[in-house]
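Structural overview
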Amino acid sequence: MKTLLSAAAAPAVDAPPARPGAPPGIEIACTVNGKRVALTVDPRATLLDTLRETLELTGTKKGCDHGQCGACTVHVNGRRVNSCLSFAVMHDGDAITTIEGLGTPDHLHPVQAAFVAQDGYQCGYCTPGQIMSAAALLNEPCGPANADVAELMSGNICRCGAYQNIVAAVQSVRQPG
Amino acid sequence: MNLFTFSRAASVADALRDAGAGAAFVAGGTTLIDLMKLDVETPDAVIDINRLPLAEVGAVPGGGLRIGALARNSDVAHHAAVVRDYPVLAEALLSGASPQLRNMATTAGNLLQRTRCVYFRDTASACNKRAPGSGCAAIGGFNRNLAILGTSEHCIASNPSDQNVALTALEATVQITGARGERSVPIGEFYLLPGDTPDCETVLEPGELITSVTLPPAAPGARSTYLKLRDRASYEFALASAAVIATVTGGTLERVRIAMGGIGAKPWRIRDAELALEGKAVTPDRLAEAARIILADAKPQPGNAFKVELAKRCLVHALTLVTAEA
């Protein structure tokens with residue numbers, strides 16, 4: 001049975017009014033940082049833009065918008081993905097975690113604390129993506145060496161070149177002490 | 001980005017009913033959405049196939065492995081049966097893209113990955129693949145990453161995939177379903193050379209859906225490698241790559257399969273190069289001869305002439321690694 005998603009009824013939660021000429025919105029419901037979210041999205045809206053512009057979760061950054069820089073990395077159902085290369089309408093029913101849902105200033109995720117301790121950034125623009133990538137890496141097959149970490153962090157570009165400290169931060173979480 | 005209708009297919013039958021000219025299936029989205037943002041892909045309809053039951057990886061009765069069309073590249077690369085029996089495929093997958101992209105990209109999507117030619121990706125440039133009849137800006141332009149084998153006067157685009165090189169060496173078969181029924185296409189017959197119609201890249205007809213890729217039983221005692229040469233150590237497309245699967249007995253190369261990437265309009269395999277090695281003792285001269293056979297018809301451009309020698313050295317090194325006595 002096909003599910004044809006149509007322009008439907010329920011207004012978006014906190015969504016801006018539709019612009020003239022905009023295509024019909026499509027309703028989706030997903031979990032973002034542990035909270036149920038129902039919204040109506042333009043089918044062309046990426047997950048990245050929906051997080052930033054509609055849900056106002058601006059921690060996730062837009063760098064290249066083509067899957068080449070990793071600044072937009074979020075977790076979908078526990079796995080890291082580039083949110084710029086996915087339409088929001090493809091995520092009905094999914095559980096999404098952004099940097100805002102990983103930790104808080106009072107209760108940092110261990111990877112966030114490690115980035116602070118190891119000075120794993122300069123300008124900070126790539127940092128949310130780096131941290132989301134690193135947090136996912138902890139649950140992926142990865143060898144013990146710094147080179148293994150560098151390889152699995154290669155999808156996150158840091159224009160400031162903080163790579164050595166980023167690897168040190170990840171390793172300090174994987175190998176405490 | 002152009003407007004399109006969006007639907008979710010709940011079954012293969014659903015997907016096929018909505019498919020046809022002007023429609024695109026979306027799974028991982030890593031190629032399609034990238035190119036839609038550039039207005040290179042402009043489908044009228046986008047059909048989300050992520051809910052179809054096509055993500056399984058499992059044994060084929062009688063031997064071999066079936067990899068579902070929707071199996072993610074990362075899941076295939078770490079699947080126990082792939083690591084154990086088809087390590088060349090795991091190596092190839094893990095050499096491609098980034099962990100995030102591998103979590104999204106699917107087996108069938110990777111089969112259909114589009115070229116990284118910069119003129120194909122730029123709607124202001126001439127490109128016979130994107131806009132038939134408009135010309136080819138890559139010929140005489142920037143073509144460092146483009147093909148030297150299988151090209152035509154109309155297109156020199158390269159197939160950028162690593163997965164497809166390994167699947168070619170493994171002699172995979174692509175399972176396809178469509179309005180006219182199901183069919184199986186050996187990967188060696190799946191890709192089309194550009195010729196006069198570089199916009200036609202595979203034998204897939206509009207509306208057809210890839211459901212799985214099957215691998216024949218692994219050759220007993222075979223060793224393999226995927227060697228990828230590129231401008232940086234990670235997260236980069238191949239300038240030249242080689243997938244080699246070889247069975248060596250007492251210094252004799254009993255069986256060998258070779259496919260190369262980064263240099264061809266499609267994943268490149270020349271059976272004559274394998275025949276020049278099979279049944280013979282492994283010597284440096286014979287390995288060099290196999291490389292010479294593969295590159296014999298190369299038609300390089302000024303910007304990628306280095307690839308002729310690079311590809312030869314890539315292959316000889318890969319063959320040397322695989323055939324060295326353990």
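Everything quoted here is computed from the prediction, not taken from an experiment. (Residues numbered from 1 in each chain as written. Chains lettered and ligands numbered in written order. Predicted model: local features only at pLDDT ≥ 70, side-chain atom pairs only at ≥ 80, totals over all residues.)

1. Regarding the overall build of chain A
Quick note on the threshold: Helix numbering and strand numbering both begin at the N terminus, where a helix is a DSSP run of H or I of at least 4 residues and a strand a DSSP run of E of at least 2. With C-beta atoms placed from the backbone, a residue is buried if 20 or more other C-beta atoms are within 10 Å of its own, exposed if 12 or fewer are, and partly exposed between those counts. Whether two residues are in contact is decided by their C-beta atoms, placed from the backbone, lying within 7 Å.
Of the regular secondary structure elements, chain A holds six helices and six strands. With 177 residues in all, chain A has 44% of them scored as buried. Of all intrachain contacts in chain A linking residues separated by at least 6 positions in sequence, the fraction that spans at least 24 positions is 55%.

2. Things to note about the confidence of the model for chain B
What counts is decided by this rule: pLDDT runs from 0 to 100 and stands for how confident the predictor is about each residue.
Mean pLDDT over chain B stands at 97; residues scoring 70 or higher make up 100%. Interface confidence for the predicted complex, given as ipTM, is 0.96, next to a pTM of 0.95.

3. Side note on the sheet that holds strand S12 (residues 280-281) of chain B
The strands making up a sheet associate through hydrogen bonds between their backbones, and the pairing can be parallel or antiparallel. Residue and element names in this part refer to chain B. What counts is decided by this rule: Each pair of strands is called paired provided DSSP finds at least two bridges between the two strands. Every axis corresponds to a line fitted to the C-alpha atoms, with the helix fit spanning only the stretch in contact, and the corresponding angles, defined between N-to-C directions, vary from 0 to 180 degrees.
The strand order across the open sheet built from four strands is S9-S10-S11-S12, with neighbouring strands paired in antiparallel fashion. Among the strands making up the open sheet, the edge pair consists of strand S9 (223-229) and S12. As judged from the two bridges shared by strand S11 (residues 252-261) and S12, these two strands associate in the antiparallel manner. Residue pairing across strands places leucine 253 opposite lysine 280, the latter belonging to S12. Sheet strands in contact with helix H11 (residues 306-323) are S9, strand S10 (240-249) and S11, and its direction is about 30° off that of S10.

4. Overview of helix H6 (residues 163-174) of chain A
Residue and element names in this part refer to chain A. The line we're drawing: Helix span, as expected, comes to 1.5 Å for every residue beyond the first. It is the directions from the helix axis to the C-beta atoms that the arc portrays.
Its 12 residues place the ends of H6 17 Å apart at the C-alpha level, agreeing with the 16 Å of an ideal helix rising 1.5 Å per residue. Buried within H6 are the following residues: Ile166, Val167, Ala169, Val170 and Val173. All buried residues of H6 project into a common sector of 155° when viewed along the axis, lining one side.

5. Thoughts on the nonpolar core
Residues and elements named next belong to chain B. The criterion, for reference: The nonpolar core criterion groups buried Ala, Val, Leu, Ile, Met, Phe, Trp, Tyr and Cys residues into a set whenever they are joined through C-beta atoms within 7 Å.
Among the nonpolar cores identified, the biggest contains 144 residues, and Val244, Met260 and Leu315 are the most heavily contacted of them. Examining the composition of this core, we find that seven residues originate from one element, S10, more than from any other. With residues near it in sequence (within four places) discarded, valine 244 still touches Ala169, Ser224, Thr225, Val256, Ile258, Ala318, Leu319 and Val322.

6. Quick word on the interface of chain B and chain A
Applied cut-off: Polar here means any residue outside two lists: the nonpolar Ala, Val, Leu, Ile, Met, Phe, Trp, Tyr, Cys and Pro, and the charged Asp, Glu, Lys and Arg; Gly therefore counts as polar.
Taken together, the contacts link 26 residues of chain B with 30 residues of chain A. When residues of the side of chain B that touches chain A are traced back to their parent elements, those giving at least two are strand S1 (5-8), helix H2 (32-37) and helix H6 (99-104) of chain B. Class assignment of the residues belonging to the side of chain B that touches chain A gives a composition of 12 nonpolar, nine polar and five charged.

7. Details of the domain arrangement of chain A
Residue and element names in this part refer to chain A. Where we set the bar: Domain borders in the structure are assigned automatically or taken from a domain database.
Looking at chain A, the domain boundaries give domain 1 (26-101) and domain 2 (106-174). Put simply, the middle of domain 1 and the middle of domain 2, counted by C-alpha atoms, are 21 Å apart. With 14 residues of domain 1 at the interface, the matching set in domain 2 holds 11 residues. Within the residue set of the side of domain 1 that touches domain 2, elements represented by two or more residues are strand S4 (73-76) and strand S5 (79-82).

8. So, the confidence of the model for chain A
As a general rule, the predicted coordinates of low-pLDDT regions are not to be interpreted in detail. Chain-level pLDDT for chain A is 91 on average; 86% of the residues reach the 70-or-more range. Low confidence marks residues 1-13 of chain A, where pLDDT is under 50. Its contacts with residues over four positions away, or in another chain, come to 26 contacts.

9. As for the packing of helix H3 (residues 110-118) of chain A against H6(A)
All names here are of chain A. As a reminder, the rule being used: With respect to orientation, any angle under 35 degrees is reported as roughly parallel, any angle over 145 as roughly antiparallel, any angle of 65 to 115 as roughly perpendicular, and every other angle as oblique. For any helix crossing, the convention is left-handed if the near helix is rotated counterclockwise from the far helix by under a right angle, and right-handed if that rotation is clockwise.
Contact pair H3 / H6: the axes reach a minimum separation of 8 Å and the direction vectors enclose 135°. In this view, H3 runs oblique relative to H6, as classed from their interaxial angle. Note on packing geometry: the crossing formed by H3 with H6 is right-handed. In this structure, H3 contributes Pro110, Val111, Ala114, Phe115, Ala117 and Gln118 to the contact, and H6 contributes Asn165, Ala168, Ala169, Ser172 and Val173. Residue composition of the contact of H3 with H6, grouped by class: eight nonpolar, three polar and no charged.

10. Considering the environment of Asn77(A)
All names here are of chain A. Assignment of secondary structure puts asparagine 77 in the loop between S4 and S5. With 13 C-beta atoms counted inside 10 Å, the residue asparagine 77 sits in the partly exposed group. A C-alpha to C-alpha distance of 23 Å links asparagine 77 and isoleucine 157, two positions 80 residues apart in sequence. The contact partners of asparagine 77, leaving out residues within four places of it in the chain, are Asp94 and Ala95.

11. Some details on the sheet that holds strand S6 (residues 173-178) of chain B
Residue and element names in this part refer to chain B. The strand order S4-S5-S8-S6-S7 describes an open sheet built from five strands, whose pairing is antiparallel. Looking along the sheet, the strands with just one partner apiece sit at the ends: strand S4 (57-59) and strand S7 (181-186). Each adjacent strand pair in this sheet contributes to an overall mean axis angle of 25°, direction not counted. Here S6 pairs with S7 via six bridges, running antiparallel. Bridge pairing links valine 174 to valine 185 in S7.

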